[in-house]
Amino acid sequence: MATPLSDELFSRASAVIPGGVNSPVRAFGSVGGTPRFFTRARGAHAWDEDGNEFIDLVQSWGPLPLGHAHPAVLAAARSALQAGSTFGAPTRGEAELAERIVDAVPSIEQVRLVSSGTEAAMSAVRLARGATGRAKILKFDGHYHGHSDALLAAAGSGVATLGIPGSPGVTPGAASDTIVLPWNDPDAVDAAIAEHADELAAIICEPIPANMNLVPPAPGFLQHLRDVATSTGALLIFDEVISGFRVGRGGAQAAYDIHADLTVLGKAIGGGFPLAAFGGRADVMAELAPVGPVYQAGTLSGNPVAVAAGIAQLDLLDPPTYRTLSDITAHVVEAISQPLRDAGVGVTCRRVRTLAGLLFANDAPMDRSGVAAADHDRYGAFFHAMLANGIYLAPSGWEVLFTCTALTEDDVAAIGRAAERAAEHIAGAVSFPDA
Ligand code: PLP
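So, here's what we can say about the structure. (Residues numbered from 1 in each chain as written. Predicted model: local features only at pLDDT ≥ 70, side-chain atom pairs only at ≥ 80, totals over all residues. Heavy atoms only, no water.)

On strand 11 (residues 348-352), burial follows the alternation: Thr-348, Arg-350 and Val-352 on one face are buried, whereas Cys-349 and Arg-351 on the facing-out side are not. Inspection of the sheet shows strand 11 paired to strand 12 (residues 355-359) by five bridges, in the antiparallel sense. Looking at strand 12, one finds that Arg-351 is bridged to Ala-356. Connecting the antiparallel pair strand 11 and strand 12 is a turn made up of two residues, with Arg-353 showing a positive phi of about 50°. (Buried < 20%, exposed > 50% of the residue type's maximum accessible area, 1.4 Å probe, protein only. Helix = DSSP H or I, 4+ residues; strand = E, 2+ residues; numbered from the N terminus. Pairing = 2+ DSSP bridges.)

This paragraph deals with the side chain of Glu-240. Assignment of secondary structure puts Glu-240 in the loop between strand 8 (235-239) and helix 9 (251-256). With residues up to four places along the chain from it excluded, the contact list for Glu-240 reads Pro-207, Gly-250, Gly-251, Ala-252, Gln-253, Thr-263, Val-264 and Leu-265. (Contact = heavy atoms within 4.5 Å.)

Formed by 50 residues in total, the largest nonpolar core has its most connected members in Ile-336, Leu-340, Phe-382, Met-386, Leu-393 and Ile-415. Among the elements of the structure, strand 3 (53-56), helix 12 (319-342), strand 12, helix 14 (376-388), strand 13 (391-392), strand 14 (401-402) and helix 15 (409-429) are those that each provide at least two residues to this core. If you tally residues by element for this core, the top one is helix 15, at seven residues. Every residue in contact with Ile-336, bar those within four places of it in the chain, is listed here: Leu-57, Leu-358, Phe-382, Met-386, Leu-393, Leu-401, Ile-415 and Ala-419. (Core = buried A, V, L, I, M, F, W, Y, C linked by side-chain atoms within 4.5 Å.)

Below, the discussion takes up helix 8 (residues 221-232). Taking 1.5 Å of rise per residue, the 12 residues of helix 8 would be expected to cover 16 Å, and the 17 Å separating its terminal C-alpha atoms lies within 8% of that figure. Within helix 8, the full set of buried residues consists of Phe-221, Leu-222, Leu-225, Arg-226, Val-228, Ala-229 and Thr-232. The inward-facing, buried residues of helix 8 abut strand 5 (136-140), helix 7 (186-196), strand 7 (200-205), strand 8 and helix 9. Once helix 8 ends, the next one or two residues include Gly-233, with phi positive near 85°. (Expected span 1.5 Å × (residues − 1).)

We now examine the site of the ligand. By nearness alone, every residue bordering the ligand is listed as Ser-116, Gly-117, Thr-118, Tyr-144, His-145, Gly-146, Glu-206, Asn-211, Asp-239, Val-241, Ile-242 and Lys-267. In this structure, a nitrogen atom belonging to the ligand sits 2.7 Å away from a side-chain N or O atom of Asp-239. Residues that form the shell around the ligand fall into these classes: three nonpolar, six polar and three charged. (Near = heavy atom within 4 Å. Polar contact = N/O pair within 3.5 Å; in protein donor to acceptor, adjacent residues only side chain to side chain. Nonpolar A, V, L, I, M, F, W, Y, C, P; charged D, E, K, R; others polar.)

Mapped onto the elements of the fold, His-145 is located in the loop between strand 5 and helix 5 (157-162). Polar side-chain contacts of His-145 include one of 2.8 Å to the side chain of Asp-239. Sequence-distant contacts of His-145, that is, excluding residues within four places in its chain, are made with Gly-117, Thr-118, Ala-121, Lys-139, Leu-151, Ile-204, Cys-205, Glu-206 and Asp-239.

Attention now goes to the packing of helix 2 (residues 71-82) against helix 11 (residues 304-316). The interhelical angle for the contact between helix 2 and helix 11, taken along N-to-C directions, is 155°, at an axis separation of 8 Å. In terms of orientation, helix 2 lies roughly antiparallel with respect to helix 11. The two elements helix 2 and helix 11 cross, and the hand of that crossing is right-handed. For the pair helix 2 and helix 11, the contacting residues are Ala-72, Val-73, Ala-76, Ala-77, Ala-80 and Leu-81 in the first and Pro-304, Val-305, Ala-308, Ala-309, Ala-312, Gln-313 and Leu-316 in the second. (Axes fitted to C-alpha atoms, helices over the stretch in contact; angles between N-to-C directions. Parallel < 35°, antiparallel > 145°, perpendicular 65-115°, else oblique. Left-handed = near helix turned anticlockwise from the far one by under 90°.)

With that out of the way, let us pick up empty space enclosed by the protein. Summed over all chains, the structure comprises three cavities of 30 Å³ or more. Considered as a void within the structure, the largest cavity measures approximately 50 Å³ in volume. Forming the boundary of the largest cavity are Asn-213, Gly-357, Leu-358, Tyr-379, Leu-393, Ala-394, Ser-396, Gly-397, Glu-399, Val-400 and Leu-401. For the lining of the largest cavity, the per-class residue count stands at six nonpolar, four polar and one charged. The calculated volume of the second largest cavity comes to roughly 40 Å³. Lining of the second largest cavity is provided by Leu-358, Leu-359, Phe-360, Ala-374, Asp-375, His-376, Tyr-379 and Gly-397. Across the lining of the second largest cavity, the residue classes tally to five nonpolar, two polar and one charged. (1 Å grid on protein atoms, 1.4 Å probe; cavity = no way out; pocket = protein on both sides within 12 Å on 5 of 7 lines; lining within 4 Å. Points joined across faces, edges and corners; volume = space filled by probe spheres on them.)

Moving on, we get to the layout of surface pockets. Estimated volume of the second largest pocket: approximately 410 Å³. Every element with two or more residues in the lining of the second largest pocket is listed here: helix 3 (92-104) and strand 4 (110-114). Looking at the lining of the second largest pocket, its residues break down into nine nonpolar, nine polar and two charged.

Okay, here's the thing in structure tokens:
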């Protein structure tokens, strides 16, 4: 597959943008090679500068459960744009989107719109600290909550992909109130609580962790977090930037029937535009300015174009659509994993409804260290073999698959044929440590 234009653009971009990209995972650092520069995308398909076509299983990392450039979402955004791109004053759309979120997510009584998941998670943590008058945050190793200082400790895929533990530039002071524990380990939680119960402002987690490949919660673990938060007076924050409006309208908390005090949303709520949110209990949200003393603000917060696109997308995400997406995801997982198994490659595929992860490991890990032990070099070889066969997977084995309802049976068959060729290629080319 010839890529001269992507190659040329990558070298131009690298001269003026660090690493040539505006978000690290796009640089192909973990799998090697030159990133493809995209020109357009529609439904499940995307095209690069050189005219190569892909079936896109990244889908901009989650905002597009209906696929790229959905006509209803584009029409809504276009129409909003005609009326003006931003006002810095409240709009009807903001109330209408907030109403939809409150209606869909069981524990959200009030919600504030912001522009990125990072901003939403950072603001939720500030609010939790302000509302409880406590400082410490408990998070889990491998969970990503954006790149704000307090949350950038042991933070999952992007950081893991780059091999940076936390990040230089995060001061010890900023991280010192962050406790990091292994995921799915109730004893570790109990030990931390025994030591810090009175200082704990919040327990934050991805209820379906999807930034260290996919490592679902062990049975009872989310309930344990809920119980511990309630008994210590800490707030339970679910970061549903990925799982929100993807595993179902009510996100992971509806799927597992565990309610958070605060929830962080992003990606799917913006229909492909910069939009995120945090919301939760009305008494906690009342601590936010202008009602309460906890400050938070944004020039482009609740941007009318993003809000219109978000509303249009959420209105199409009904239960039958989620069932369709879940079935499609199951078929995609099967199409990729069966050829690998047939070729004798040790592979683990996990799926929670519409979210799935593909890991070159014989056993399904329950925490980040298990994901680290998987064969990420082999993922890189598989990634490139799939790319050469027209399938764009995430350029890192730490990520998950993002499917969309635009994937057709023909697409799934094409994914299966590519996986057969890629499986043959990697079965011979790379040795697996445990095989
Ligand atoms: N939280 C989770 C669970 C995420 O997956 C991400 C981004 O991938 C974020 C927060 C940060 O969102 P954003 O990239 O919009 O800042």
